[in-house]
Amino acid sequence: PQWVLSDGMLLNEFDEELVEWVQGFLVPDNFRILLAARELDVDFDLTEKYYGVSYRVDAIPEELMRDLRGELHFDELSLPEPNLFIPDNLEVKGQKTSAEPGAEPALLKLAEGLELWFKQDDRFFLPRGEVRINVENPRAYESPLSSILSQLFVLVLKDSLSEITYDAQVAGLWFDIHESVDGFSITVDGFNDKLPQLLRILLTTIKNYKVDDTQFEVYSREVRKKLDNVRHAEPYNHVQTNTHYLNYATVWRYSDKLSAFSLVNKQRLQKFIDSLFEQTRVQMIVMGNFAEQDALDMADMVIDVLGSMPLPDYARQWSRVLLHNPGSYVHHATMPEDANLNSSIDVSIYTGLTQSDRERVVLDLTSIIIQEPFFDQLRTKEQLGYITYSSDRKYSDGYMTLRLLVQSESNPAYVSQRINHFVRGF
């Protein structure tokens, strides 16, 4: 246990003489300064042998050496504040018993605006835990503009949390925040002792976030650039995205978002953030080295910090999967980038529903079995395309599909025939 926080290197003994010997080399008379820049207003009298780069070697100015030998003091340089996330208590709360470990979490609390699940670690008995929270609000994805604002909010928020991120990682904690079609998801895991404290700081920052001018300019440009670059993506990226559109009831295309981007500004983003937590529904699961009361206390803390009114069930934004009738369907789409000579075919064979344990296992097994022969036949033997692979896709609360994808310069109708021939003969 005393080595848990030793990071990647373990020092078995402290050698004071060795440390002092190394420090003896850290003096002004035993170093060089390397200065490199795209443009320097100086003359160069030397040329590097291999790369032909011009350079010069000068003595360090005496004025600088005199300052270095004197007493140096910089207000900007200081030791960091104490790390609040280093755990004090590594006690394991679960007790080993002869009973089999539990397989599923238990519903600990179901109230208006809150759904809390709990699973104590009864298998590994480590001082670690994980908390996952989904904050539902239909405004997060109600339009292409809302989708952009949600993405921007997450980007600027993560940038603001960079200092907390560093301290948390040093102390063995990790967190992530991302947007989804029904709101925002927060994941925190690591040593459980200070995990609730980190979660409170994250939620407080999220709830009270104020948009910074510089952050908005930087990340709005980044989002706009990514949207502009989508049209230049490879055909197999486009065909996978289009397949996604054809199977979900509400998915905003990159072109939809580009059309709405002119409406994005700092004031609208701030107003959007302020309205996100007026009404919410919190889904939460607490796992690991926690007791039931710990989970209940964290749930109360989440509700208290967010300060939201409960979101009624009828107002929730469900991620609905389209259920297609039996038959064969073909969707043709033209590549937005004319310079790319490739085409891509994504064949989806619908195999069953995600709710069936047996059908999920059969699909997983089939997907693994078919990968090598599919690649060998269409890529190695027939040379139809450099990008050739198969996998499975599972739509939440909907159908599952076996996917067969090829990107090729050959006629897509011919490639589609070869895929169908492979399937019939497999």
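Located above this text is the structure these notes cover.
Each chain carries its own residue numbering, running from 1 in the direction its sequence is written. In view of the model being predicted, local features appear only for residues whose pLDDT reaches at least 70, and side-chain atom pairs are presented and counted only at 80 or more, with totals across whole chains, interfaces and linings using the full set of residues. For side-chain calculations, the full set of non-hydrogen atoms in the structure is used, while hydrogens and water are omitted.

### What about a negative patch on the surface?
- Residues E13, D15, E16, E17 and E20 make up a contiguous surface patch of negative charge.
- By the secondary structure assignment, D15 is in the segment before α1 (16–23).
- For each residue, the accessible area found with a 1.4 Å probe, counting protein chains only, is set against the maximum for its type, and the residue is called buried under 20%, exposed over 50%, and partly exposed in between. Of the residues examined, D15 reaches a relative accessible area of 36% and is grouped as partly exposed. Note that patches include only residues with greater than 30% relative accessible area and no salt bridge, and the join distances are 9 Å for like charges and 5 Å for nonpolar side chains (Val, Leu, Ile, Met, Phe, Trp, Tyr). Where accessible areas are quoted, they stem from the Shrake-Rupley method and a 1.4 Å probe; at the residue level, only the protein chains shown are allowed to cover. For this document, the term salt bridge refers to a Lys or Arg side-chain nitrogen within 4 Å of an Asp or Glu carboxyl oxygen. We count Lys and Arg on the positive side and Asp and Glu on the negative side, and we leave His and both chain ends out. The location of each charge is read from NZ of Lys, CZ of Arg, CG of Asp or CD of Glu. The helix and strand labels rest on DSSP assignments: H or I over at least four residues marks a helix, E over at least two residues marks a strand, and numbering proceeds from the N terminus.

### Re unusual backbone geometry
- Unlike most non-glycine residues, F125 shows phi in positive territory, near 55°.
- The backbone of Q383 sits at a positive phi, close to 55°, despite the residue not being glycine.
- One can find Q383 in the loop between α11 (357–381) and β11 (387–394).

### Examining the side chain of K119
- Structurally, K119 is set in strand β4 (residues 114–120).
- The exposure class assigned to K119 is buried, which follows from its relative accessible area of 17%.
- Note on contacts: a residue pair qualifies if any of its non-hydrogen atoms lie within 4.5 Å across the two residues. Excluding its chain neighbours within four sequence positions, the residues that come into contact with K119 are G102, A103, E104, P105, V286, M287 and G288.

### What about the nonpolar core?
- With 58 residues, the main nonpolar core has I133, F153, L198, L199, M284 and V286 as its most contacted residues.
- In terms of residue count, the dominant contributor to this core is helix α3 (residues 144–160) (nine residues).
- Filtering out sequence-adjacent residues up to four positions away, V286 remains in contact with L116, W117, F118, K119, E130, V131, A295 and M298.
- Within this scheme, the nonpolar core is defined by two criteria: the residues are buried Ala, Val, Leu, Ile, Met, Phe, Trp, Tyr or Cys, and they are joined through side-chain atoms within 4.5 Å. Counting 14 residues, the second largest nonpolar core, distinct from the first, contains I370, L404, V415 and F422.

### Brief notes about the environment of A171
- Along the polypeptide, A171 turns up in the loop between α4 (162–170) and β6 (173–180).
- Sequence spacing of A171 and P87 is 84 residues, and the spatial spacing of their C-alpha atoms is 7.3 Å.
- Apart from the residues within four sequence positions on either side, A171 is in contact with N83, F85, I86, P87 and F191.

### Section: the packing of aromatic side chains
- A pair of aromatic rings is counted whenever rings of Phe, Tyr or Trp (Trp by its six-membered ring) have centres within 6.5 Å, and the orientation is called stacked for planes under 30 degrees apart, edge-to-face for over 60 and tilted otherwise. Evaluated as defined, the whole model comprises eight aromatic pairs.
- Ring geometry for W21 and F25: centres 5.0 Å apart, planes at 85°, overall edge-to-face.
- Classification of F25 as partly exposed rests on a relative accessible area of 44%.
- When the centroid spacing of 5.6 Å and the interplanar angle of 85° are considered together, the rings of F153 and F184 count as edge-to-face. Pair noted here: F153 is in helix α3 and F184 is in strand β7 (residues 183–191), with a separation of 31 residues, a long-range link. Like F184, F153 is buried.
- Here the aromatic residues F153, F184 and Y209 are joined through ring pairs into a cluster of three or more.
- The criterion is that NZ of a Lys, or CZ of an Arg, lies within 6 Å of the ring centre and within 35 degrees of the ring normal, and then a charge sits over that ring. When the ring centre of F191 is taken as reference, the NZ or CZ atom of R128 above it lies at 5.1 Å.
- Here the basic side chain of R253 rests over the ring of Y245, its NZ or CZ set 4.7 Å away from the ring centre.

### Some thoughts on the sheet that holds strand β12 (residues 399–408)
- Note on pairing: two strands pair once DSSP finds at least 2 bridges between them. If you trace the three strands from one edge of the open sheet to the other, you get β10-β12-β11, paired in antiparallel fashion. A single partner strand is all that each edge strand has here, and the edge strands are β10 (343–353) and β11. Taking the axes of each pair of neighbouring strands and ignoring which way they run, one obtains an average angle of 15° across the sheet.
- One ladder, built from eight bridges, connects β11 with β12; its direction is antiparallel. Among the inter-strand pairings, K394 is bridged to a residue of β12, identified as M400.
- Angles shown run from 0 to 180 degrees and are taken between the N-to-C directions of axes, each axis being a line fitted to C-alpha atoms and, for helices, limited to the stretch in contact. This element, helix α7 (residues 235–247), spans β10, β11 and β12 of the sheet and lies at about 35° to β10.
- Contacts from helix α12 (residues 412–425) reach β10 and β12 within the one sheet, and its direction differs from that of β10 by about 35°.

### Side note on the pairing of β7
- Burial analysis of β7 places eight of its nine residues in the buried class, which makes it a mostly covered element.
- Inspection of the sheet shows β6 paired to β7 by eight bridges, in the antiparallel sense. Note on β7: the bridge partner recorded for I177 is I186.
- A loop of two residues connects β6 with β7, the two strands running antiparallel in sequence.

### Quick notes on the pattern of salt bridges
- Following the criterion strictly, the structure yields 24 salt bridges and no others.
- Residue E142 is joined to R139 by a salt bridge in which the shortest nitrogen-to-oxygen separation is 3.6 Å.
- E142 gets classed as partly exposed once you look at its relative accessible area, which sits at 45%.
- Looking at R139, the relative accessible area reads 34%, which means it is partly exposed.
- The residue D376 makes a salt bridge to K381 at a minimum N-O spacing of 3.3 Å.
- Accessibility expressed as a relative area gives 23% for D376, which makes it partly exposed.
- Classification of K381 by relative accessible area gives exposed; the value is 58%.

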